[in-house]
Amino acid sequence: MRIHARITTAVALVLSLAVGAGTAASAASSSGPLPSAAQGAVRFELPEPTGRQAVGTTELHLVDRDRPDPWVADRDRELMISIWYPARSTGGYSRQPYMQPGAARFVDESGSFGLARPGEVDWAATRTDAASMAPADDRSRRPIVLYSPGLGVPRALGTSTAVELASRGYVVVTVDHTHETTPVEFPDGRVELQKEPMAGAETVRKAVDTRVRDTRFVLDQLAALRAGRNPDAEERRLPHGLGRALDLDRVGMYGHSAGGITAAESMRVDRRIDAGINMDGTLQYSSTEFLPVALEGLDRPFMLMGKASQTHLNKPSWQSFWDRSTGWKRDLSLERGGHFSYTDAQTIVPAVDEQLDIPAQTREQFIGTVDPERSTAAQRAYVTAFFDQHLLGRPQHLLDRPSPAHPEVRFVR
């Protein structure tokens, strides 16, 4: 894996989900039930959102009939996305599962991202703080923020930040990059897996290019939704008012690891995206080859969020991007964080550790030694402040200088 030289071990743990990658096409419902988590298995709760808005959510199945899937022959490109939005009311609506049943069973059977044995973590039991299909608060148009997860990582691991932003008034769209991400569950119960190992510069280049195309297609489908059409492939019912709540003139994007790469590179080629955040993603295909965005920079607001070993002062691709970017920019470091501190692993790993006593080295590989609750609070504060300033036009003093409220975060520049 060349996508990030310093996180090889941690990424390998996550990609261990892709059992038989390159040979297994999918885990279809017709292949028999996957084992359920055992009674007494670890359960976890995500941090509650802090915004004033109730949150609703829905999933869409999108099919790009003008683009062949790059990973599978003779198929159109198809994606699953979740939309998290400010809700008008949530009474009478059930809380959205963290993962759909087939995906949850697969994650459990595959070893819970390298954290546990099958049956030890109950992924299906967790519910989000969002009401499924609740009516959208469409009294005003809401800025849109896209989220792309890390290489091979499902969009579910970005749920906590997505719900937080939705509670602060944003519509957040989280994207699974099918056949690279593992697992992706579709409405018919089909569970698609990664098709080939994500190793080598050419494969990484293919993955990034696919992700950027996915992002642009999602934006197109959101425009269709705003125009009153239903882009869901099965034309399933949409939450009332969802399309009217979308403001496509104010669009941001953030992502973790390869998702951060996707945010930067998508901004380079698509001016519909006004501001972006890269959470600990290198900007190179290999140790010697940088992405175009690292060689050209950006002219719109962008924030780098890394850790002690990943700043623009010690990573050549970040330095190249920094030196060439002419828009507003900031480089923040979660000093004692780990690579997956920028995901829900910041909550999940401590919960598993408390009950199963995972090895200290494994915990540190995922989330470092930073206090998980303080890390979560700091990320929420800075991510929200960034989009408030650059999508809503509300200046945020938090972005001007180090904050005594968040000593875990170092202002690199």
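Our structure's up above, just so we're on the same page.
We now turn to the structure provided with this report.

**Focus: the sheet that holds strand 6 (residues 142–148)**
Here we have eleven strands laid out as an open sheet, ordered 4-5-2-3-7-6-10-11-12-13-14, and mixed in their pairing. Either end of the sheet is taken by a strand with one partner, and the two such strands are strand 4 (95–97) and strand 14 (409–411). Recorded for the sheet is a direction-independent mean angle of 30 degrees between the axes of neighbouring strands. The pairing of strand 13 (residues 329–334) with strand 14 spans three bridges and is classified as antiparallel. Pairing of L334 across the sheet is with V409, part of strand 14. Together, strand 2 (55–68), strand 3 (76–86), strand 5 (127–132), strand 6, strand 7 (171–176) and strand 10 (246–256) form the strand contacts of helix 3 (residues 159–167), whose direction differs from that of strand 3 by roughly 50 degrees. This element, helix 4 (residues 201–226), spans strand 2, strand 3, strand 6, strand 7 and strand 10 of the sheet and lies at about 115 degrees to strand 2.

**Section: the environment of H312**
Inspection of the secondary structure assignment puts H312 in the loop between strand 12 (302–306) and helix 7 (316–324). For the pair formed by H312 and D331, sequence separation is 19 residues and the distance between their alpha carbons is 7.2 Å. Not counting residues up to four positions away in its chain, the partners in contact with H312 are L304, W318, Q319, W322, D331, V412 and R413. A polar contact of 2.7 Å, which involves the side chain of H312, links it to the side chain of D331.

**Some remarks on the packing of aromatic side chains**
In the structure shown here, the tally under the stated rule is twelve aromatic pairs. Measuring from centroid to centroid gives 6.5 Å for Y98 and W123, while their planes differ by 20 degrees, and the two rings are stacked. Taken together, the residues Y98 in the loop between strand 4 and helix 2 (101–109) and W123 in the loop between helix 2 and strand 5 connect sequence positions 25 residues apart. According to the relative accessible area criterion, W123 is buried, its value standing at 1%.

**Quick look at the pattern of salt bridges**
Scanning the entire structure with this criterion turns up 40 salt bridges. Among the ionic pairs, R117 bridges to E120, the shortest N-O distance being 2.9 Å. Here R117 falls in the exposed class, since its relative accessible area comes to 59%. By relative accessible area, E120 is classed as buried at 19%. The partner of R268 in a salt bridge is E296, and the shortest N-O contact between them spans 3.5 Å. Remark: E296 occurs in helix 6 (residues 292–296) and R268 occurs in helix 5 (residues 258–269); sequence separation between them is 28 residues. The partly exposed category is assigned to R268, whose relative accessible area is 28%. Taken together, the shared-partner salt bridges in this structure form one network comprising R75, E78, D188, R190, E192 and K195.

**Notes on the nonpolar core**
By size, the foremost hydrophobic cluster in this structure holds 45 residues, and its most contacted members are I83, V173, V218 and L222. Looking at this core element by element, the count peaks at eight residues for helix 4. With residues up to four places along the chain from it excluded, the contact list for I83 reads G56, T57, T58, L60, V171, V172, V173, L222, L225 and L242. In this structure, A130, V145, I277 and V383 belong to the second largest nonpolar core, which totals 31 residues.

**Considering unusual backbone geometry**
For residues that are not glycine, phi is negative in most cases, and the peptide bond is trans in most cases. Here the amide bond leading from T182 into P183 is cis, since omega sits at -5 degrees, within 30 degrees of zero. One non-glycine residue, D74, lies in the positive phi region at around 65 degrees. Judged by its relative accessible area of 84%, D74 falls in the exposed class. Although it is not a glycine, H179 sits at a positive phi angle of roughly 75 degrees. Here H179 lies in the loop between strand 7 and strand 8 (184–185).

**Considering helix 2**
Among the residues of helix 2, those classed as buried are G102, A103, A104, F106, V107 and D108. Against strand 8 and strand 9 (191–192) lie the buried residues of helix 2. Within two residues after helix 2, G111 carries a phi angle of roughly 100 degrees, on the positive side.

**Side note on the packing of helix 8 (residues 345–356) against helix 9 (residues 360–367)**
Each pair of packed helices can be summarised by the angle the axes make with each other and by the distance between the axes. At a closest axis distance of 10 Å, the pairing of helix 8 and helix 9 adopts a crossing angle of 170 degrees. Relative to helix 9, the element helix 8 lies roughly antiparallel. Contact residues: helix 8 offers A345, Q346, V349, P350 and D353, while helix 9 offers R363, F366 and I367. Tallied by class, residues from the contact of helix 8 with helix 9 come to five nonpolar, one polar and two charged.

Rules and cut-offs
Residues numbered from 1 in each chain as written. Predicted model: local features only at pLDDT ≥ 70, side-chain atom pairs only at ≥ 80, totals over all residues. Heavy atoms only, no water. Pairing = 2+ DSSP bridges. Helix = DSSP H or I, 4+ residues; strand = E, 2+ residues; numbered from the N terminus. Axes fitted to C-alpha atoms, helices over the stretch in contact; angles between N-to-C directions. Contact = heavy atoms within 4.5 Å. Polar contact = N/O pair within 3.5 Å; in protein donor to acceptor, adjacent residues only side chain to side chain. Phe/Tyr/Trp six-rings, centres within 6.5 Å; stacked < 30°, edge-to-face > 60°. Buried < 20%, exposed > 50% of the residue type's maximum accessible area, 1.4 Å probe, protein only. Salt bridge = Lys/Arg side-chain N within 4 Å of Asp/Glu carboxyl O. Core = buried A, V, L, I, M, F, W, Y, C linked by side-chain atoms within 4.5 Å. Parallel < 35°, antiparallel > 145°, perpendicular 65-115°, else oblique. Nonpolar A, V, L, I, M, F, W, Y, C, P; charged D, E, K, R; others polar.

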